[in-house]
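# Per-entry structural report
The lines below spell out each chain.
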Amino acid sequence: MSELKNTSHLKQLENEGIYIMREVAAQFERPVLLFSGGKDSIVMFHLALKAFHPGRIPFPLMHVDTGHNFKETIEFRDKLVKKYDVDLIIGSVQDSIDEGKVEEETGPDASRNALQTVTLLDTLKKHQVDAALGGGRRDEEKARAKERFFSHRDVFGQWDPKNQRPELWNLYNGRKSQGENFRVFPLSNWTEMDVWQYIAQENIDIPSLYFAHDRKVFDRRGVWLADTEFVNRMDEEKLVTKTVRFRTIGDATCTGAVLSEASDLEEIIQEVASARETERGTRHDDKRSETAMEDRKRQGYF
């Protein structure tokens, strides 16, 4: 009985996500699907495949490339784009730095994660995007719990939580003035557990980073960061080889791993069920301040 309930629950979430995808295609002229190579954006892509089958997905993927990605993420992205013959737009943080629009951070906690905002907004403007589908879920972080499915942004790409449209029943208001746009979140009612159960149910391919593997890491204030060429490791931060996996995938400079032996989807689901910390607890950038995510959202980050 519990399995039947779970399947019914996932089907309801899937139908909702597909409905949102089709609403975006119907209401907007130049939508994109923001694609990071992480599990949430992969699930969104899977929903888009179902929403428009047997036709081609009617909007491109957009990836904001910090230049500090895990190589497994980029390899997965390129493989997916080739397999499904979808268009890919890439916004480069390195280009924003080279053009003097943002300044590279320095010091041990230097990261390009916060620099993505300028690159994202510039790329949306360049391609005249009027709706960007994002993988935000309301259980991820408290600032995201304030979102609507259709999240209105002003002409500067900024988010005002007090200026959002009411969403009654299944009616979504995509009306906008010149220069304004929307972020749309088809996974708003999903949880991390829902995502993993859906991936298992649909047998969706995901990057190997999500499964347990041996990797050189170091402990920075309780977060296990991977040893990469992008991270400024301090002398006292000693490298050790641990069996880890990643619950979330982002910029390598701030995305922490978790100690884990979960090597398949069933074990991951069991691990998530017993976890006492949210997946964003492994994101070093969220620890910079209590309002780190909300501040970036107001600036147009997500």
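Reading the values: rules and limits
- Residues numbered from 1 in each chain as written.
- Predicted model: local features only at pLDDT ≥ 70, side-chain atom pairs only at ≥ 80, totals over all residues.
- Heavy atoms only, no water.
- Phe/Tyr/Trp six-rings, centres within 6.5 Å; stacked < 30°, edge-to-face > 60°.
- Helix = DSSP H or I, 4+ residues; strand = E, 2+ residues; numbered from the N terminus.
- Buried < 20%, exposed > 50% of the residue type's maximum accessible area, 1.4 Å probe, protein only.
- Pairing = 2+ DSSP bridges.
- Axes fitted to C-alpha atoms, helices over the stretch in contact; angles between N-to-C directions.
- Contact = heavy atoms within 4.5 Å.
- Patch = residues over 30% accessible without salt bridge, like charges linked within 9 Å, V, L, I, M, F, W, Y side chains within 5 Å.
- Areas by Shrake-Rupley, 256 points an atom, 1.4 Å probe, with all protein chains shown as cover.
- Salt bridge = Lys/Arg side-chain N within 4 Å of Asp/Glu carboxyl O.
- Lys, Arg positive; Asp, Glu negative; His and termini not counted.
- Core = buried A, V, L, I, M, F, W, Y, C linked by side-chain atoms within 4.5 Å.
- Domains from an automatic or database assignment.
- pLDDT = per-residue confidence, 0-100.
- Parallel < 35°, antiparallel > 145°, perpendicular 65-115°, else oblique.
- Left-handed = near helix turned anticlockwise from the far one by under 90°.
- Nonpolar A, V, L, I, M, F, W, Y, C, P; charged D, E, K, R; others polar.

The final tally for this structure, using the stated rule, is 9 aromatic pairs. Their ring planes at 55° and their centres at 4.9 Å tell us that F70 and F246 sit as a pair that is tilted. One end of the pair, F70, is in the loop between β2 (61–65) and α3 (71–84); the other, F246, is in the loop between β9 (240–245) and β10 (256–259), with 176 residues separating them in the sequence. A single burial state applies to F70 and to F246, both of which are buried. Members of the aromatic cluster, connected to one another through ring pairs, are F28, F150 and F182.

Let us look at the sheet that holds β9. Spatial ordering of the closed barrel is given by β7-β8-β10-β9, a layout of 4 strands whose pairing is antiparallel. The average undirected angle you get between the axes of adjacent strands in this sheet is 70°. In this structure, strand β7 (residues 213–220) lies alongside β9, joined through 5 bridges in antiparallel fashion. Residue pairing across strands places V217 opposite V240, the latter belonging to β9.

The strand order across the open sheet formed by 6 strands is β3-β2-β1-β4-β6-β5, and the pairing between neighbours is mixed. Lying at the two open borders of the sheet, with one neighbouring strand each, are β3 (88–92) and β5 (150–153). Neighbour-to-neighbour, the strand axes of this sheet turn through a mean angle of 30°, independent of strand direction. Inspection of the sheet shows strand β1 (residues 31–34) paired to strand β4 (residues 131–133) by 3 bridges, in the parallel sense. The residue bridging L33 from the neighbouring strand is L133, located in β4. In this fold helix α2 (residues 39–52) packs onto β1, β2 and β4, with an angle of close to 135° to the strand it touches most, β1.

Time to look at a nonpolar patch on the surface. Residues L168, W169 and L171 make up a contiguous nonpolar surface patch of roughly 430 Å² in combined accessible area. Overall, the relative accessible area of 75% leaves W169 in the exposed class.

This part covers the side chain of E23. Positionally, E23 belongs in helix α1 (residues 2–27). Of the side chains with opposite charge, R22 comes closest to the buried, unpaired E23, at an N-O distance of 9.3 Å. With residues up to four places along the chain from it excluded, the contact list for E23 reads F150 and Y172.

The next thing to look at is the nonpolar core. Counting residues in each nonpolar core, the largest one holds 55 residues, and the members touching the most others are M21, L33, F150 and W196. Contributions of two or more residues to this core are made by α1, α2, α3, β4, β6 (181–184), α6 (192–202), β8 (223–226) and α7 (265–274). Looking at this core element by element, the count peaks at 8 residues for α2. A domain split of this core shows at least three residues from each of domain 1 (9–194 + 291–299) and domain 2 (207–287).

Interpretation of this model should avoid reading the predicted coordinates in detail wherever pLDDT is low. Averaged over the chain, the pLDDT score is 86; the fraction of residues at 70 or greater is 86%. Residue range residues 1–5 is modelled with pLDDT below 50. Its contacts to residues more than four positions away, or to other chains, number 0 contacts.

With that settled, the discussion passes to the packing of α2 against α6. At a minimum axis separation of 10 Å, α2 and α6 run at an interaxial angle of 55°. It follows from the interaxial angle that α2 and α6 lie oblique. Here the hand of the crossing between α2 and α6 comes out left-handed. Facing K39, D40, V43, H46, L47 and K50 of α2, the residues of α6 in contact are E192, V195, W196, Y198, I199 and E202. Among the residues forming the contact of α2 with α6, the class breakdown is 6 nonpolar, 1 polar and 5 charged.

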